[in-house]
Amino acid sequence: MAELWTGYIWPTIIIIAQIVALVVPLLLAVAYLTYAERRVIGGIQLRIGPHRVGPFGLLQPIADGLKLFFNEIVVPAGASPVVYLLAPMLTFLLSLVAWAVIPVADGWVIADINVGILYLFAISSLGVYGIIMAGWASNSRYAFLGGLRSAAQMVSYEVAIGFVMISVLMSAGTLNLTGVVEAQRDVWYIIPHLPMFVLFFISVLAETNRHPFDLPEAEAELVAGYNVEYSGMAFALFFLGEYANMILMSGMVTTLFLGGWLPLFAFPPFTWIPGVIWFALKVAVCLFIFILTRAALPRYRYDQLMRLGWKVFLPLSLAWVVITAGALHVFGWLPQ
Amino acid sequence: MVVHAIVFYVFAVVLIASALMVISARNPVHSVLWLILGFFNGAGLFLLMGAEFLAMVLVIVYVGAVAVLFLFVVMMLNVNVARLRQGFLDYLPIGAGVGLVLLGELLLAFGAGPFHAPSSAGAPDPGMGAATNTEAIGQVLYTDYVYLFQGAGIVLLIGMVGSILLTLRHRPGVRRQDVHDQTHRDPRTAVTLKKVPTGEGLG
């Protein structure tokens, strides 16, 4: 009996507690990211943004959530109901499970697996299924076009993301994300890999279907693209999934390029601040750039999007892999 | 150990069930979705064996790329399943024959007999220094099998170039965007000011 307790039940309780401790702040961050986005874009466009619900409008995300919660979920006639309802759940689920391998502070990671980078890449490449399934199952032309666009777009930009990750993991010499962060103690990878950081960030914008690459839901031509038929909590899950994905991708950028939980400088006033705060700060900076991009840039045309992905990013990132490998070999910087 | 066995049987049962659903689902898109579930459970089985690299690569390559393209094509093609099903019984003997031959080959390879699979004694050894199986695979793949590995890569590249060559058409009279030309346009050459006579236009 004691073995059952120490071997199975107690570890299960600990893991569940860890998951709750990660997911609850994450969902709060998702809720307040929507608020921050509306306020920041409001500021950029010389408006106020939501400010009526609660002090400074701080209760707005909760009010939005409640409203969506009480809305009816409409399943269109001719839709494939199981796939239709599975799609938003899948989107939301995938945006959460990837957090299992991201170290938010030294040792604060749920699963410190050997192939962390590959796991992240695998999960982020699955995100397309939620959208393409929603587009197909809705039995609507607009949604279907959105789904197809999204599939082509995400598959294209994944290639560039994969090559950038290869450059980073060659420099770090490990696929373990904690190892990648530790390898940045001397210098964050944003400095040697600056071009790839820019390229990676743009690819991430495309991968999360954010502006200026939000063609899957281009509201001017496709009404709202893949999620046009969704309502109530099914829509809310898509919405939450999209924002959770933004946070996830910012976490990925932070871990791979901005030194994860490491402080800006390794001497006292900076080292007093705990690692999780540094991590959150870096993620917040990335998210702010996400929002600024949305407010500043017009949407790409579809052929321009494909051209950028295949004819510009793919050769550049492939060349950078060769350059990195050559530099590491010639200068003897290969990590042991 | 009990948990390990339970998880194994869950993955195995779901894998076989979803493989059956791939060939029996009425809707081809559902077939592809079942196929994806099958890939996932295959990856789960790899994980149970401790081959985490293979599991992740299976998910990235097959689920993340190949199955997306399957889904894409199946959605676009609008396959008529009812017509496909008509020939089911005609092809059944051939299919069963192929299945039996494969089963026999597997039994020859892995069962006892003259063609018994060789033990791993003669196989290249990644060395005990390899800490993770990612490293072990890399050390074998890029030393003992480097020519075969590069050869396989070249075969894939040729396939890709060939398929692009087959589908690439240069139609005359299509206007393409040239970014370089666009950004180097000069207002002095692109815009001219004309004096338009009233009531006549430029004609």
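Residues numbered from 1 in each chain as written. Chains lettered and ligands numbered in written order. Predicted model: local features only at pLDDT ≥ 70, side-chain atom pairs only at ≥ 80, totals over all residues. Heavy atoms only, no water.

Attention now goes to the overall build of chain B. If you tally the helices and strands in chain B, you get 9 helices and 0 strands. Along the chain direction, N to C, the helices and strands of chain B fall in the order α-α-α-α-α-α-α-α-α. A sequence separation of at least 24 residues applies to 49% of the contacts in chain B between residues at least 6 apart. A total accessible area of about 15700 Å² is found for chain B, and carbon and sulfur atoms account for 70% of it. (Helix = DSSP H or I, 4+ residues; strand = E, 2+ residues; numbered from the N terminus. Contact = heavy atoms within 4.5 Å. Areas by Shrake-Rupley, 256 points an atom, 1.4 Å probe, with all protein chains shown as cover.)

Right, let's talk about the domain arrangement of chain B for a bit. Along its sequence, chain B is organised into domain 1 (1-115) and domain 2 (133-165). Its C-alpha centre places domain 1 of chain B at a distance of 24 Å from the equivalent point of domain 2 of chain B. (Domains from an automatic or database assignment.)

Below, the discussion takes up the interface of chain A and chain B. At the junction of the two partners, chain A supplies 27 residues and chain B supplies 26 residues. Summed over both sides, the interface of chain A with chain B buries roughly 2200 Å², with 78% coming from carbon and sulfur. Across the contact surface, chain A and chain B share 0 salt bridges. Our count for the contact surface shared by chain A and chain B stands at 4 residue pairs in polar contact (both at pLDDT 80 or more). No other element matches the 11 residues that helix α4 (residues 116-137) of chain A contributes to the side of chain A that touches chain B. Broken down by class, the residue content of the side of chain A that touches chain B amounts to 19 nonpolar, 4 polar and 4 charged. (Buried area = accessible area lost by both parts, 1.4 Å probe. Salt bridge = Lys/Arg side-chain N within 4 Å of Asp/Glu carboxyl O. Polar contact = N/O pair within 3.5 Å; in protein donor to acceptor, adjacent residues only side chain to side chain. Nonpolar A, V, L, I, M, F, W, Y, C, P; charged D, E, K, R; others polar.)

On to a nonpolar patch on the surface, then. On the surface, L4(A), W5(A), Y8(A), I9(A), W10(A), I13(A), I14(A) and V3(B) cluster together into a nonpolar patch covering about 690 Å² of accessible area. With 7 residues, helix α1 (residues 2-44) of chain A is the single largest residue contributor to the nonpolar patch. Within the element layout of this structure, W5(A) appears in helix α1. (Patch = residues over 30% accessible without salt bridge, like charges linked within 9 Å, V, L, I, M, F, W, Y side chains within 5 Å.)

All names here are of chain A. Inspection of every chain in the model, using the stated rule, returns 8 salt bridges over all chains. Close ionic contact of E37 with R294 constitutes a salt bridge, the shortest N to O distance being 3.1 Å. In this pair, E37 sits in helix α1 while R294 sits in helix α10 (residues 275-296), placing the two residues 257 residues apart along the sequence. The partner of D64 in a salt bridge is R38, with the nearest N and O atoms 3.0 Å apart.

What follows is about the packing of α4(A) against helix α5 (residues 141-172) of chain A. Residue and element names in this part refer to chain A. Two numbers describe how α4 lies on α5: the axes approach to 8 Å, and their chain directions differ by 175°. If you check the angle between α4 and α5, you find them roughly antiparallel. Within the contact between the two elements, α4 uses I117, F121, S124, S125, G127, V128, I131, I132, G135 and W136 and α5 uses A143, F144, G147, S150, A151, M154, E158, I161, G162, M165 and L169. Partitioned by chemical class, the residues of the contact of α4 with α5 number 13 nonpolar, 7 polar and 1 charged. (Axes fitted to C-alpha atoms, helices over the stretch in contact; angles between N-to-C directions. Parallel < 35°, antiparallel > 145°, perpendicular 65-115°, else oblique.)

With that out of the way, let us pick up the environment of I16(A). All names here are of chain A. Within the element layout of this structure, I16 appears in helix α1. On the basis of relative accessibility, which here comes to 48%, the residue I16 falls in the partly exposed class. Residues I16 and L169, 153 residues apart in the sequence, show an inter-C-alpha distance of 30 Å. (Buried < 20%, exposed > 50% of the residue type's maximum accessible area, 1.4 Å probe, protein only.)

Here the focus is the side chain of H193(A). Residue and element names in this part refer to chain A. Structurally, the position occupied by H193 is in the loop between α6 (177-182) and α7 (194-207). Overall, H193 belongs to the buried group, its relative accessible area being 4%. With near-sequence residues (within four places) excluded, H193 lies in contact with S167, S171, F257, W320 and T324.

Moving on, we come to the side chain of S140(A). All names here are of chain A. If you trace the backbone, S140 turns up in the loop between α4 and α5. The buried category is assigned to S140, whose relative accessible area is 11%. Residues within four places of S140 in sequence aside, it is in contact with G135, V228 and E229.

What follows covers the domain arrangement of chain A. Residue and element names in this part refer to chain A. The assigned domain composition of chain A is domain 1 (1-70) and domain 2 (79-330). Distance between the C-alpha centres of domain 1 and domain 2: 19 Å. Each partner contributes residues to the interface: domain 1 has 17 residues there, and domain 2 has 22 residues. Carbon and sulfur atoms make up 86% of the area that domain 1 and domain 2 hide from each other, which totals about 1800 Å². It is L33, E37 and L68 that lose the most area in domain 1 upon contact with domain 2, and together they represent 32% of the buried surface on that side. Across the contact surface, domain 1 and domain 2 share 2 salt bridges. Linking E37 and R210 is a salt bridge whose minimum nitrogen-to-oxygen distance equals 2.6 Å. Counting every contact that joins domain 1 to domain 2 gives 3 residue pairs in polar contact (both at pLDDT 80 or more). Breaking the side of domain 1 that touches domain 2 down by element, the ones donating at least two residues are α1 and α2 (60-70).

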